[in-house]
Amino acid sequence: MVGRGDGLVWRAYGESDLVALTGLVEAGLAVDGGLPLFTRPPLLRARLLQTRTLGAWHDGGLVAAVGVGTGRTPATATGLVHPAWRGRGLGGTLLDWASEQAGGADLLLTTETWTADAEALFTARGFTRTFLERVLRHDLAALPDVAAPDGVTLEPATLGPELFGTYRASFADRPGFVEPAAEEWLGDLRDDEGYRPELSMVARAPDGSAAGFVTVLDTWIDQVGVVPGWRGRRVGAYLVARVLRGLAGVGVDAAWLCVNDDNPAAGLYRRLGFREAGRRARYLRR
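For the rest of this paragraph, the subject is a negative patch on the surface. A cluster of acidic residues, Glu184, Asp188, Asp191, Asp192, Glu193 and Asp222, forms a negative patch on the protein surface. For the negative patch, the element with the highest residue contribution is helix α6 (residues 182-191), accounting for three residues. Looking at the element boundaries, Glu193 is found in the loop between α6 and β8 (201-204).

Encoded structure:
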């Protein structure tokens, strides 16, 4: 049973509580940073409106919440505590409840608003971090100037075999790379309402072969890749700089991207003017 200290009321929540959940997420992002897309209904539902839910309410306001998905392996959970209510054991209570719902199954925790205190709690409870990604933001009031690499030209990307092949060539040598099916990868782009074909590009070498690519979703640089033979020759920087100018040209005030914590490209993005706006992570307990 969940305790009822501090005048809290604990109960399950659902779709009718979407506004309260959004407010809770916004409060966490304002203090901790993280993935701003977490406030959008599709991701918010996927993370917090899972199979089983538990929220803590005080004076009608939602101060803590966790959603647990039990219909898969591993079981999944995402929870968060309002910044004003931290340090009172609510995070531990949510984690204990999530573990109970998972039963004996492995449990994967996902956080879109990473904090050091949350990581310390997860580690103390036997979880191991399996993924850490930095969320980067670029203020488009100041744009980088990157010259085109010698002989390289850009053209709009076509959602087809060449683009997928360029993606695969760019990432196949990265540790842990798992190649998706071509139609799945291309279909995810094709079906995304935010896909921007006018800003998604292929960089061509002088011989006409693909040297790199970039895909753009809404105001996000989704993926940037450079094939091995063209790395270290400003292809990635040139692609990103062109996207930033394109977004600024249509009135966007900031661009975003996520980069894995161990990806050396993070240094490139910082040199182009991106600044850290939080982190997101996953933790697994077997």
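This next bit is on the pattern of salt bridges. Scanning all chains against the criterion turns up 20 salt bridges. A salt bridge links Arg129 to Glu119, with the shortest nitrogen-to-oxygen separation between them at 2.9 Å. Here the residue Arg129 occupies a position in strand β6 (residues 128-139), and Glu119 occupies one in helix α4 (residues 116-124), the gap between them amounting to ten residues. Taking the relative accessible area as the measure of exposure, Glu119 reaches 18% and is therefore buried. For Arg204, the salt bridge goes to Glu155, with nearest N and O atoms at 3.1 Å.

On to the packing of helix α1 (residues 18-32) against helix α2 (residues 41-48). One way to put it is that α1 packs onto α2 with a least axis distance of 11 Å and a crossing angle of 90°. Taken as axis vectors, α1 and α2 run roughly perpendicular relative to one another. Residues Leu18, Leu21, Thr22 and Val25 of α1 touch α2, and the partners they reach there are Pro41, Leu44, Arg45 and Leu48.

This paragraph deals with the layout of surface pockets. The computed volume of the second largest pocket comes to approximately 530 Å³. Leu80, Val81, Gly91, Ala118 and Leu121 are, among the 27 residues lining the second largest pocket, the residues nearest its centre. Sorting the residues of the lining of the second largest pocket by element identifies β4 (75-81), α3 (90-102), β5 (107-111) and α4 as the ones contributing at least two each. Of the residues forming the lining of the second largest pocket, the biggest block, six residues, is contributed by α3. Of the residues that constitute the lining of the second largest pocket, the class distribution is 13 nonpolar, ten polar and four charged.

What counts, and where the lines are drawn
- Residues numbered from 1 in each chain as written.
- Predicted model: local features only at pLDDT ≥ 70, side-chain atom pairs only at ≥ 80, totals over all residues.
- Heavy atoms only, no water.
- Patch = residues over 30% accessible without salt bridge, like charges linked within 9 Å, V, L, I, M, F, W, Y side chains within 5 Å.
- Areas by Shrake-Rupley, 256 points an atom, 1.4 Å probe, with all protein chains shown as cover.
- Salt bridge = Lys/Arg side-chain N within 4 Å of Asp/Glu carboxyl O.
- Lys, Arg positive; Asp, Glu negative; His and termini not counted.
- Charge placed at Lys NZ, Arg CZ, Asp CG, Glu CD.
- Helix = DSSP H or I, 4+ residues; strand = E, 2+ residues; numbered from the N terminus.
- Buried < 20%, exposed > 50% of the residue type's maximum accessible area, 1.4 Å probe, protein only.
- Axes fitted to C-alpha atoms, helices over the stretch in contact; angles between N-to-C directions.
- Parallel < 35°, antiparallel > 145°, perpendicular 65-115°, else oblique.
- Contact = heavy atoms within 4.5 Å.
- 1 Å grid on protein atoms, 1.4 Å probe; cavity = no way out; pocket = protein on both sides within 12 Å on 5 of 7 lines; lining within 4 Å.
- Points joined across faces, edges and corners; volume = space filled by probe spheres on them.
- Nonpolar A, V, L, I, M, F, W, Y, C, P; charged D, E, K, R; others polar.

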